[in-house]
Amino acid sequence: MLNKRVLTVIKRELREKLISKAFIVMTLIVPGLIFVLLGVQSLLMTSEQKNLKVEIISENQQLTPLIQNELLNSDLSKDKKYIFSFSTLSKDEFKKYLDSQKQNIIDEKLGGIVYIPSSALKDKRIDYYSKSSQNMSLFKDLDGPINKVLIDDYFSSKTLSEEDLSFARTSVDFTGYKVSKEGDIKEEGYGNLILAYLLTFLLYFGIIMIGQMTMQSVIEEKGSKIVEVILSSISPTELMTGKILGAAITGVIQMAIWLSPVILLMSTTIFILPKELLFSISSTVIIYTFINFFIGLLTFIGLFAMLGAIFDNPQDASSGTLPVMMLILIPFFIALSMMENPNRPIALIASYFPFASIIVMPARLTLVGVQVWNLVIATIINIATFIAIFPIAGKIYRVGLLRTGKKPKWSEIIKWLKYNY
Amino acid sequence: MISIFKLNGYFSYYVSININNITGLFMNLLEVRHLIKSFDGLKAVNDVSFSVPEGSVFGLIGRNGAGKTTTIRMMMNIYLPDSGEVILRGSKIGQEFKNKVGYLPEERGLYKKMKVWETLMYFAELKGKTGKNIERKAEEYLKRFDLFDRKLSKMEDLSKGNQQKLQFITTILHDPEFVILDEPFSGLDPVNTNLLKDIILELKRQGKIIIFSTHLMDYAEKMCDHIVMIDHGKVILEGSLSEIKSKYSQKNASLTYDGDISFLKNNPMIEKIENFGNTTGIRLKEENQTQLLLKTLIDNNIIIKKFDANDISLQEIFIELAGNEDNNGSTKKENANA
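(A) View of the packing of aromatic side chains. On inspection of all chains with the given rule, the structure shows 22 aromatic pairs over all chains. Site record: aromatic cluster; members linked through ring pairs are Tyr-197, Phe-201, Tyr-204, Phe-205, Phe-332 and Phe-333 of chain A. One Lys or Arg, Arg-12 of chain A, reaches over the ring of Tyr-122 of chain B and ends 5.6 Å from the middle of that ring. Between Lys-37 of chain B and the ring centre of Tyr-79 of chain B, over which it is positioned, the NZ or CZ distance is 5.7 Å.

Below, the structure written as structure tokens:
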């Protein structure tokens, strides 16, 4: 398979891709883009509407000043996130008042009304009236202060000390300790979570970018009729092998550039990260990431090259990429869902599932750690997937390369597999 | 038959041809045996067989869509035949053959962003040729084709004519033993057409085997020693051009004249009259009636400018054998040697 002609194609692919503007720009831009995406996500989560008018009405007259005191002294008022007003109304009065404020709520002159009935002192159930009733952010913000007042009131008659009350008021504070296979138990910050995000995004961008570049290159060869000249010197399989290997090597070089800051942080003590951002990954993770990425690239680039051969122009090809994109997108979202809970059963299955394993396993490895034999199994599955897919992609590539004319249907493409080309 | 006048110009070449003719033993270098290829149930090539003799310019002729390109692609191992084989000096063709061939496909192109020099080196390397020798040769060709000062230009920056020249150079740079040209004159400007003709003749002098396909009978007639005529995927004629012409010309005359020859249409000795503009081809029912035809023309006061007895163009032969597009089903293979 690897002969001089294939090496010649690999050399050309490397020369063409490594010095292309698209490669240089994307290699530099993608890490920045990922940080921007993560930044935008956290910005969206933290940035809320300012000066939201919220009325806090309690049935119990004694509660009103206590809640007022608690909320006005909280950061919520100081940051001007909410403008609170407080009052005391009986249930009947509140009903009438609510009717009178309906229009204001609809017109968004009033953000919402929180009604604390006396029964809340026993069952902690309070009501919220607004145009959008499920304001999770507001519930989270008000939960602490109101809960504190209710707890104080509940325990005030039970002769507890200030210390006991303070204990009761405090929420649970989790500190994460990572238990590794080696038997170490270490306190861990968000570093590994960020790293898992980073690896998932880089794998996703890397595969799509190099895959698309290869697809465009095949379309160019087909569209500008170079392919028949090339096929007079080498076989389609040699051409495809050379193109895939050239592109995969380019991808690995790109990944090495992207991951070099992580490798640098791992291998030196010059840079000191804050405790929350500390991450612990072994060289196994890095080695696995590269091997896995290389196999993944071979598989997906093969599929993208196949798509390039099927279609005559980039427009047709971009609409035809959907099935292959789904093979990348679904595992990508599974990997992202792991950030919330790395032990989801779907993540476990996906980390051994053909195609999905390539994107999911590195994230799983970073977050929960897996044994070497798990990685070996995943690698064998990935190699088997590649071996299974290569002849199919190769056949379609071979048939598609010299075909022109109208965009073929998928049913026709399946028939190509039977052709004697 | 080889003209003595040409011996001065192309001595070595014609001597070798002559020896072959004398001995009558053209060694068949490349044999195409019973090739069949179907696409979506339609037979594009249907049991095509022919032999390419050593030292010949071989023409694969037929109208567009006849199956020439598919045949060539199977010869190049680009398409796998449904059945049949291509034999080179007794063995099935493989990569070794590809390395020995310079192929100029009908639909051709080069990498737009690649520089001229890189393009030449890349295609030579794919044929297994690298090093100083090939670099020197590339420089020679670039100088000869007035492209040496463009060697660092990108392909997309060259004019179409210059891109065509580059395409020729990539085809022959690695010094191939065989040169296969599929419709080589299509899309060429007149300057490059002449250039390519010169190259073909030069390669012929160098002893290369040249196989070219064309639907332009005129070019085939002027350049080929041997032809195979394909129509609707089948071979309808094969043999040496001189023998084919001598066989088909016996009942033929070509005529250049002034006057009205419509009276000939109902003459019992006439089989067919083909008007080619400047000349008219007349096919007689019986051999050796050309003198009678000439007499009839003179008796009817036709002013004869040129009368060429026993002459027939390849196009006339093709039309006679293949007929018109809608008259194709009954073509049968003829052999000039038969």
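Right, picking up where we left off after that structure.
(B) Expanded view of the confidence of the model for chain B. All names here are of chain B. The pLDDT averaged across chain B works out to 82; a share of 87% of its residues lies at or above 70. Of all secondary-structure elements in chain B, the lowest mean pLDDT belongs to helix α1 (residues 11-23), at 37, while helix α4 (residues 116-126) reaches the highest, 95. With pLDDT under 50 throughout, residues 1-26 is counted as low confidence; its partners more than four residues away or in other chains account for 18 contacts. For the stretch residues 325-332, pLDDT sits under 50, and the model shows 12 contacts to residues farther than four places along the chain or on other chains. Of the two predicted TM-score estimates for the complex, the pTM is 0.73 and the ipTM is 0.76.

(C) Region of the structure containing the pattern of salt bridges. Counted by the stated rule, this structure contains 32 salt bridges over all chains. Of the charged contacts, one joins Lys-148 of chain A and Asp-152 of chain A as a salt bridge, the two residues approaching to 3.9 Å between their closest N and O atoms. With Lys-148 of chain A and Asp-152 of chain A both in helix α7 (residues 136-156), this residue pair falls four residues apart, about one helical turn. The exposure class assigned to Lys-148 of chain A is partly exposed, which follows from its relative accessible area of 25%. Among the ionic pairs, Arg-89 of chain B bridges to Glu-54 of chain B, the shortest N-O distance being 3.9 Å. Taken together, the residues Arg-89 of chain B in the loop between β4 (83-88) and β5 (91-92) and Glu-54 of chain B in the loop between β2 (42-53) and β3 (57-61) connect sequence positions 35 residues apart. For Arg-89 of chain B, a relative accessible area of 37% corresponds to the partly exposed category.

(D) Highlighting the interface of chain A and chain B. The interface is formed by 25 residues belonging to chain A together with 28 residues belonging to chain B. Both faces considered, chain A and chain B share a buried interface measuring about 2700 Å² in area, 53% of it formed by carbon and sulfur atoms. Applying the counting rule to chain A against chain B returns three salt bridges. Between Glu-125 of chain B and Lys-11 of chain A there is a salt bridge, with the nearest N and O atoms lying 2.7 Å from each other.

(E) A look at the sheet that holds strand β1 (residues 52-58) of chain A. Residues and elements named next belong to chain A. Here four strands make up an open sheet; going across it, the order is β2-β1-β3-β4 and the pairing mixed. The sheet is open, and its two borders are formed by β2 (82-88) and β4 (127-130), each paired with just one other strand. Along the sheet, successive strands turn relative to each other by an average axial angle of 20 degrees, direction set aside. Of the pairings in the sheet, the one linking β1 to β2 comprises seven bridges and is parallel in character. Counterpart to Leu-52 in the pairing with β2 is Tyr-82. Across the face of the sheet, helix α3 (residues 63-72) comes into contact with β1, β2 and β3 (112-116) while running at roughly 170 degrees to β2. The strands touched by α7 within the sheet are β1, β2, β3 and β4, with β2 carrying the most contacts at an inclination of about 55 degrees.

(F) Main features of α7 of chain A. Residues and elements named next belong to chain A. If you check α7, its first and last C-alpha atoms are 30 Å apart, about what 21 residues at 1.5 Å a residue would give, namely 30 Å. Within α7, the axis deviates most sharply at Asp-143, by approximately 40 degrees, and proline Pro-145 lies no more than four positions further along. Those residues of α7 that fall on the buried side of the exposure criterion are Ser-137, Leu-138, Asp-141, Leu-142, Pro-145, Ile-146, Val-149, Leu-150 and Ile-151.

(G) Structural view of the domain arrangement of chain A. According to the domain assignment, chain A contains domain 1 (4-35 + 188-416) and domain 2 (50-158). Using C-alpha coordinates to define each centre, domain 1 of chain A is positioned 52 Å away from domain 2 of chain A.

(H) Representation of the sheet that holds strand β12 (residues 270-275) of chain B. Residue and element names in this part refer to chain B. Within the open sheet, the four strands sit side by side as β12-β13-β11-β14. Their pairing is antiparallel. Lying at the two open borders of the sheet, with one neighbouring strand each, are β12 and β14 (303-309). Ignoring which end each strand starts from, the neighbouring axes of this sheet average 25 degrees apart. Packed onto the sheet, helix α10 (residues 290-299) meets β11 (252-258), β12, β13 (280-284) and β14 and runs at close to 175 degrees relative to β14.

(I) Region of interest: the environment of Lys-92 of chain B. All names here are of chain B. Along the chain, the position of Lys-92 falls in strand β5. Spatially, the C-alpha atoms of Lys-92 and Ile-72 are 15 Å apart, while their sequence positions differ by 20 residues. In this structure Lys-92 touches Glu-85, Val-86 and Ile-87, once residues within four positions along its chain are discounted.

(J) The arrangement of the pairing of strand β6 (residues 101-104) of chain B in detail. Residue and element names in this part refer to chain B. With burial as the criterion, each face of β6 is covered, one bearing Val-101 and Tyr-103 and the other bearing Gly-102 and Leu-104. Two strands pair when backbone bridges link them, and β6 and strand β7 (residues 178-182) are joined in this way by four bridges, in the parallel orientation. Pairing of Tyr-103 across the sheet is with Ile-180, part of β7.

What counts and what doesn't
- Counting starts from 1 at the beginning of each chain's written sequence and moves along it residue by residue.
- In the order they appear in the text, chains get letters beginning with A and ligands get numbers beginning with 1.
- Totals for whole chains, interfaces and linings use every residue, but because this is a predicted model, local features are given only for residues with pLDDT of at least 70 and side-chain atom pairs only at 80 or more, for both listing and counting.
- For side-chain calculations, the full set of non-hydrogen atoms in the structure is used, while hydrogens and water are omitted.
- For this analysis, a ring pair means two rings from Phe, Tyr or Trp (six-membered ring only for Trp) whose centres lie within 6.5 Å, classed as stacked if their planes differ by under 30 degrees, edge-to-face if by over 60, and tilted for the remaining angles.
- Lysine and arginine charges are scored as sitting over a ring when NZ or CZ, respectively, is within 6 Å of the ring centre and within 35 degrees of the ring normal.
- Confidence scores labelled pLDDT are given residue by residue by the predictor and lie between 0 and 100.
- Here a strand is any run of E in DSSP of at least two residues, a helix any run of H or I of at least four, and the numbering for each starts at the N terminus.
- Only heavy atoms matter for contacts: two residues are in contact if any of them lie within 4.5 Å across the pair.
- Basic side-chain nitrogens of Lys or Arg form a salt bridge, by our definition, when they fall within 4 Å of a carboxyl oxygen of Asp or Glu.
- Each residue is assigned to one of three classes by its accessible area relative to the maximum for its type, calculated with a 1.4 Å probe on protein chains only: buried under 20%, partly exposed between the two thresholds, exposed over 50%.
- Here's the idea: put two parts together, see how much 1.4 Å probe accessible area each one loses, and the total over both is what we call buried area.
- Between any two strands, pairing holds if DSSP finds at least two bridges.
- Fitted lines through C-alpha atoms give the axes, limited to the stretch in contact for helices. The angle between two N-to-C directions lies from 0 to 180 degrees.
- Expected helix span is computed as 1.5 Å times (number of residues minus one).
- Two axes enter the bend calculation: one fitted to the seven residues ending at the residue in question, the other to the seven starting there, and the bend is the angle between them.
- Segment limits for the domains were obtained from an automatic or database-derived domain assignment.

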